[in-house]
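Given next are the chains, with one letter for each unit.
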Amino acid sequence: KDKSGTKTLATLSSSAVTLHSDVTFPAGHVVQTVHQKFNSTTPLTTYDTVHTHIENEINITAGNKVFFNYTIPTRLLASGYAYGQFFLYVYHKTTSGGTYASLDSKIQASVYYDQAGNMPTDFYRYANVPITGVHTPSSGTQQFYRIYVQLVQGNDVNVGIATSLDAYATLMEIQA
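Let me begin by describing the structure that accompanies this report. Only a predicted model underlies this, so the values are computations on that prediction, with no experimental measurement involved. For every chain, the first residue of the written sequence is number 1, and numbering continues from 1 along that sequence. Given that this is a predicted model, residues contribute local features only at a pLDDT of at least 70 and side-chain atom pairs are listed and counted only at 80 or more, while totals for whole chains, interfaces and linings are drawn from all residues. Hydrogen atoms and water are omitted, and side-chain values are computed over all heavy atoms in the structure.

Details of the layout of surface pockets
Okay, so step 1: A cavity here means a set of points on a 1 Å grid, drawn over the protein atoms and nothing else, where a 1.4 Å probe fits but cannot get out; a pocket is an open set with protein on both sides within 12 Å along at least five of seven lines, and a residue lines either one if it has an atom within 4 Å of a point. Grid points are joined across faces, edges and corners, and a volume is the space filled by probe spheres set on the points. In this structure, the largest pocket spans a volume of roughly 180 Å³.
Okay, so step 2: In terms of lining residues, the largest pocket is bounded by Leu19, His20, Ser21, Val23, Thr24, Phe25, Val31, Thr61, Asn64, Glu173 and Gln175.
Okay, so step 3: The classification used treats Ala, Val, Leu, Ile, Met, Phe, Trp, Tyr, Cys and Pro as nonpolar, Asp, Glu, Lys and Arg as charged, and all other residues, Gly among them, as polar. Looking at the lining of the largest pocket, its residues break down into four nonpolar, six polar and one charged.

Focus on the pairing of strand β13 (residues 167-174)
Okay, so step 1: For each residue, the accessible area found with a 1.4 Å probe, counting protein chains only, is set against the maximum for its type, and the residue is called buried under 20%, exposed over 50%, and partly exposed in between. Secondary structure follows DSSP: runs of H or I at least 4 residues long count as helices, runs of E at least 2 residues long count as strands, and numbering of each begins at the N terminus. Of all eight residues that make up β13, six are buried, and the element is covered over most of its length.
Okay, so step 2: Two strands pair if DSSP finds at least two bridges between them. Here seven bridges tie strand β6 (residues 65-77) to β13, and the two strands are oriented antiparallel to one another. Directly across from Lys65, in β13, lies its bridge partner Ile174.

Looking at the side chain of Asn158
Okay, so step 1: Looking at the secondary structure, you find Asn158 in strand β12 (residues 156-159).
Okay, so step 2: Contact definition: two residues touch when any of their heavy atoms are within 4.5 Å. Here Asn158 is in contact with Thr41, Thr42, Pro43, Pro73, Thr74 and Arg75, once residues within four sequence places are set aside.

Re the environment of Met119
Okay, so step 1: Its place among the elements puts Met119 in the loop between β9 (109-114) and β10 (124-135).
Okay, so step 2: Overall, the relative accessible area of 4% leaves Met119 in the buried class.
Okay, so step 3: Non-local contacts of Met119, meaning those with residues more than four positions away in its chain, are made with Ala78, Gly80, Tyr81, Ala82, Tyr83, Gly84, Tyr113 and Asp114.

As for the environment of Gln85
Okay, so step 1: One can find Gln85 in strand β7 (residues 83-93).
Okay, so step 2: Spatially, the C-alpha atom of Gln85 lies 34 Å from that of Ser139, the residues being 54 residues apart in sequence.
Okay, so step 3: If sequence neighbours within four positions are ignored, Gln85 has contacts with Leu76, Ser110, Val111, Tyr112, Leu151, Val152 and Gln153.
Okay, so step 4: In protein, a polar contact requires one atom able to donate a hydrogen and another able to accept it; more generally it is a pair of N or O atoms within 3.5 Å, and residues adjacent in sequence count only if both atoms are side-chain atoms. A distance of 3.1 Å separates a polar atom in the side chain of Gln85 from a polar atom in the side chain of Ser110.

What follows is the structure in structure tokens.
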């Protein structure tokens, strides 16, 4: 019950506590966490910006923030190129039927390899790319996030390495 003893704020059972809608968390506290693991690969051989298989969602209270954290295994092939590079972006939308748009105008991750002269034949590089940030949605409670990739220079990039390495995505609702 609340301090006055009139409102029920939580219900206790033998194995769980259920918080009622009148309960509020102080600003900055984590209200909920959503984890997801991915076991697929998105290959890219063009210089387009395309969506990957890494997509997740969280339902939040309007006005709260979303902390996102991704760990994404990647492989770049830049055989004989002057350098190899790709970008990763976090895109966002607010409803399941909506259209994704870049979270902001910045690149969330850039992976770049260079050396004196051209890269050797069969130049492969693997990297576990982290992306972390905080997003303050302008509206809505249903928030969707998706990773996009752009090959800048090289033969191809693979986001996710199928069954060899897992990609992880974590979304946390932060109380405003």
